[in-house]
Amino acid sequence: MKKTILSQLELDEKLFSGHSACPGCAAVLTVRHIARTLGEDTVLVITASCWSVIAGAGPLRALDISVVHCPFPSGAAVASGLKKGLQRLGSPETRVVLLAGDGGTFDIGLQGLSGAAERNEDIIFICYDNEAYMNTGMQRSSATPYASYSTTTPAPLVNKNPKKDIVHIMAAHHVPYIATATIAYPSDLVAKIKKAMEIRGFRFFHIFSPCPPGWGSESHKSIELSRMAVETRLFPLMEVIGGREVVLNYLPEKYTPVEDYLRLQGRFSSLEPGHVMMIQENLERNWDYLQRASKRYRYEDEYWS
Amino acid sequence: MPAPDNVLGIDFVISRGLEPTLVNHTGFWRFLTPVREEKPAPCRQDCPLGNGIPHWMQKLQEEDWSGAWNVMERYNPFPALTGYACYGYCQENCNRSFYDEGLDIRELEKAIGLWKLEQGKAGKIQFRPFEGIQPGVQGAAKSVAVIGSGPTGLSAAYYLNRLGVNVQVFEKLPAAGGLLATGIPPERLPREILQQELGLLQQAGVSFVTGIEVAAGDNLKMLTDSFDAVLLTVGAQKRRFLGIPGERLPGVYNALDFLRNLYLDGERGLIQNKGRVLVIGGGNAALDAASALRRQGAADVWVVYRRGREALLAHESEIRAAEAAGVRFLFHTRPLSLYGESALEGVRVIKTRPSRREEELHDLTGSDYTLSCTAVVLAAGSESGLNDLFPQNLPPMQPGVEENLFQILELPAVCPERGSLCLAAGDAVTGPQNIALAIAGGRLAARHLLERFYGKGYGHDFFGKDEAQILKAPPVSYEQLAPHYYPHRGRSDVPREEAARCFSCGLCSHCGICWFFCPDVAVEKESGEYEILLDYCKGCGICAAECPAGVLEMKELKSDADAVER
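Residues numbered from 1 in each chain as written. Chains lettered and ligands numbered in written order. Predicted model: local features only at pLDDT ≥ 70, side-chain atom pairs only at ≥ 80, totals over all residues. Heavy atoms only, no water.

Draft legend 1. The arrangement of the overall build of chain A in detail. On a plain count of helices and strands, chain A comes out with 12 helices and 10 strands. The contacts of chain A with a sequence gap of at least 6 include a subset with a gap of at least 24, amounting to 70%. For chain A, the exposed surface amounts to about 11300 Å²; the carbon and sulfur share of it is 56%. (Helix = DSSP H or I, 4+ residues; strand = E, 2+ residues; numbered from the N terminus. Contact = heavy atoms within 4.5 Å. Areas by Shrake-Rupley, 256 points an atom, 1.4 Å probe, with all protein chains shown as cover.)

So, in structure tokens, the structure goes:
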């Protein structure tokens, strides 16, 4: 892992300081390293999301790669069209990467996403999931977890629906490559991006991305929360290849109880013991299912080796 | 499908914003500022030498042995000796022990020591003088007489010699080494290691005079007359008695004498004793003597101590060694008198009420009885040898310079007309301690003498400036670290792998985590060091939370100027 981190030093920085993300934003950190890994020959399509703001209101730019902004539902369509246009104009190697929040993926962008996946367009779809419409004021999305507070599901009537399983929706489209990742496991994230760059066809990333103001967590806990989400098995690091082959990348040595993770966040402050039990049971059932479905292998994520 | 040509003949351009967001100085959002500060690791805090363990661990990780030795030398000139004979206080509170298994620091220290001995023998390391120092520039070359060749004397001699002073070491016994040769069992410290260290010292230019005892009066005056300074590192070997009848009977021995005769001359008279041997006392000397007796074949050895096991003064490892050797213990028992006609026949003892070490001792009246034995080894403690050298005018034990526990004592000049200094250090000042503290005493005495000779600040290039300042802070706790980046792994025999397990508590290891995890791209690597750009840092605190070494800390500062690294 030390190698991964230090190898990133050699790549050009694609994000400028002075962008307008909140302190402790994990999405901006994730995109910083994804952009470095993708390199210069990339067009980034950004649907309406926090990143529309972070990337800079004109004439400023926070990213040193080409960026195309587009409306909420049309992200996948714009990216598909761009890719086709680039191929037509003689730069078929230019990567088209779509960056969308959970709203632009789980809810509003879903039809475009489904269409592009079905057509197997040659684009990388990156969903950074902060589990609500954070940019517009923390409204609930279908990625908002069960029993979480949002401004549209205020306490005590907290969100009653479980989170949508986007990975399995995408797996049902039989796309070449689906991966989940989080910045707390950098070598895993970077390796998956590099792997996706080698693959042709539709590639989908589901990236877990804590949001300190929206989640009511402390800004320095972003990485810790990401790590805990994996250690509790709430957000398993996995890959789905060809929509069939499930690979669990990381099997935690010791499972952290989900309560430790929930207690760090203000959005779960009205949680009752019954909720915690249900969340724990649900994630264990999910984990059992994944373990049965997967070819196991442990990702070598060793820093000082 | 081959890539089609640009059929339309136009360039495809996606415009970019004109100006990078660098014009937004987001630093003004910040209300907490990350500050990087070197802090003491628990190992460093616990080591009597204040040994910069994480510093040389970092060198070992890269298998840079000469780099590791150069760092080690500043704190401890004899890593082989301490690697073998120190009790390893550094290992007691290692933060890694909360994660999987504490580091085997002593083993690595020993490895550096053995490397030094090997390289030194081959003439590959330079011992004198230190590069940054030019002897004679600040004044005429100075000379120092060191009285006593124990660990304190040797370490003072090493540092003085290294920094350009002529050193002569005087030893009253025929062999140099002090307690290292006469007190520590060869199983713990192989004698050839000691001989090699002494050989290297001689090779470096320190001269040894053995078999000469320096006594009070003219003898000492003569020395002060011919040297610029006399350093008394005579140790604490003056025997103390219990003050009970019968202590001078034949058959009563002293523990230190017994060990010295055994290790130096191979004297085994006492061991062949077939009867019961009582060792009276509960310190390291008592348990060392008892273990040695058992190991050399004495049949029935008892340690008689007036308090319980938990109050024993000896180090835990010594107690375990004694128990393993088959020594038996008689706790809560105090000798009243030793009796016998012409030779020792037995000891009258009395039971005592259980008490802690700091409490007063109470006998249980009427519980006295007689223990028969053929020999008694007294280990009732020892005191500084300075009292013999200065019978009249020894100043009260006020340390001249104090730094943690290390103390040195400045004594009245014996020869005022020449203005030569007279200094005492080591066990002679602190009372019986351990090898690491003794070496620390020698080091401190050497620094003090150098500053007296050449002015304040001399030798800072070598010893480092604010080492003492760093040690004053509280040690880095496990909670301050972020150990997730280390794989769980037990101890390893390979030095590089074992050193790689070091969390480097309190010392930046240039891992790049702060740079990697900064969402604001406000950490920059410049000339090997990671710098925080305060113009852009929003103060989220991720760098401080994720810093594996606990070096970064979020602080409320009045202005950016305060954030300049301390």
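After that view of the structure, there is still more to cover.
Draft legend 2. Molecular detail of the nonpolar core. The biggest cluster of nonpolar side chains holds 83 residues, and the ones touching the most others in it are A:Trp51, A:Phe205, A:Tyr261 and B:Phe517. Discounting chain neighbours no more than four positions away, the residues touching A:Phe205 are A:Ile124, A:Phe125, A:Ile126, A:Cys127, A:Tyr177, A:Ala179, A:Lys192, A:Ile193 and A:Ala196. Counting 81 residues, the second largest nonpolar core, distinct from the first, contains B:Met57, B:Cys90, B:Tyr454 and B:Phe462. (Core = buried A, V, L, I, M, F, W, Y, C linked by side-chain atoms within 4.5 Å. Buried < 20%, exposed > 50% of the residue type's maximum accessible area, 1.4 Å probe, protein only.)

Draft legend 3. Looking closely at the packing of aromatic side chains. Taken as a whole and judged by the stated rule, the model has 23 aromatic pairs over all chains. Arranged with centres 6.4 Å apart and planes meeting at 40 degrees, the rings of A:Phe125 and A:Phe202 form a pair that is tilted. Here A:Phe125 is found in strand 5 (residues 124-129), whereas its partner A:Phe202 is found in the loop between helix 8 (186-198) and strand 7 (203-208), with 77 residues between them in sequence. Neither residue differs from the other here; A:Phe125 and A:Phe202 are each classed as buried. The interplanar angle of 70 degrees and the centroid separation of 6.0 Å between the aromatic rings of B:Tyr159 and B:Phe462 together place this pair among those described as edge-to-face. (Phe/Tyr/Trp six-rings, centres within 6.5 Å; stacked < 30°, edge-to-face > 60°.)

Draft legend 4. A look at the sheet that holds strand 8 (residues 252-254) of chain B. Residues and elements named next belong to chain B. Spatially, the five strands line up as an open sheet ordered 8-15-9-10-11, and their pairing is parallel. Only two strands of the sheet have a single neighbouring strand rather than two, namely strand 8 and strand 11 (328-330). Taken over all neighbouring pairs, the strand axes of this sheet differ in orientation by 25 degrees on average, direction set aside. Where helix 10 (residues 255-265) meets the sheet, it contacts strand 8 and strand 15 (375-378), and its direction lies at approximately 75 degrees from that of strand 8. (Pairing = 2+ DSSP bridges. Axes fitted to C-alpha atoms, helices over the stretch in contact; angles between N-to-C directions.)

Draft legend 5. Region of interest: the environment of B:Leu259. Residue and element names in this part refer to chain B. One can find Leu259 in helix 10. A residue is classified by how much of its surface remains accessible, and Leu259, at 2% relative accessible area, is buried. Separated by 31 residues in the primary sequence, Leu259 and Ala290 place their C-alpha atoms 9.9 Å from one another.

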